[in-house]
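# Examination of the molecular architecture
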Amino acid sequence: MGFGVAMILFGVVLLVSWGQNPFYIVAGFFLLVLGMAAFVTPLSIFSRWDSFPVPKVRCRHCATLNYETTARCRNCGANMFERAAPLS
Ligand SMILES: [Zn+2]
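Please read all numbers here as calculations on a predicted model, not as lab measurements. (Residues numbered from 1 in each chain as written. Predicted model: local features only at pLDDT ≥ 70, side-chain atom pairs only at ≥ 80, totals over all residues.)

A separate point is the overall build of the protein. Along the protein, the regular secondary structure elements total two helices and two strands. Going from the N terminus to the C terminus, the protein shows its helices and strands as α-α-β-β. In the protein, which comprises 88 residues, the share counted as buried stands at 8%. (Helix = DSSP H or I, 4+ residues; strand = E, 2+ residues; numbered from the N terminus. Buried ≥ 20, exposed ≤ 12 C-beta atoms within 10 Å, placed from the backbone.)

Below, the structure written as structure tokens:
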């Protein structure tokens, strides 16, 4: 994220100092857009709340991975709190 802020700042500096070279407008605008993208991307795609490693448990009936918090298997609907069938 700090990299994006640095790019935005550098882009603004280039935009402000366009009087020295008209090309600075284009370069500054590009840096501004790229900096915004680099600033926003980690907030939107790569750090979503549901991308955290959530513990999963396997269904005893069909071995499908379910979230730890689910009450029933999302594949076969079996009760996740049901104990395995006794061997006797
Ligand atoms: Zn199941």
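Next up on the list: the environment of Ala37. Tracing the sequence through the fold places Ala37 in helix α2 (residues 23-44). Given 12 C-beta atoms within a 10 Å radius, Ala37 is considered exposed. Spatially, the C-alpha atom of Ala37 lies 7.3 Å from that of Gly4, the residues being 33 residues apart in sequence.

With that out of the way, let us pick up the environment of Val57. For Val57, the position within the fold is in strand β1 (residues 56-58). Expressed as a C-alpha distance, the spacing of Val57 and Cys73, which sit 16 residues apart in the sequence, is 9.6 Å. Setting aside anything within four residues of it in sequence, one finds Val57 in contact with Asn66, Glu68 and Met80. (Contact = placed C-beta atoms within 7 Å.)

Turning our eyes to something else, we now look at the environment of Ala63. Position of Ala63 relative to the elements: it lies in the loop between β1 and β2 (65-67). For Ala63, a count of 10 C-beta atoms within 10 Å corresponds to the exposed category. Each C-alpha atom of the pair Ala63 and Cys76 lies 9.7 Å from the other, and the pair is 13 residues apart in sequence.

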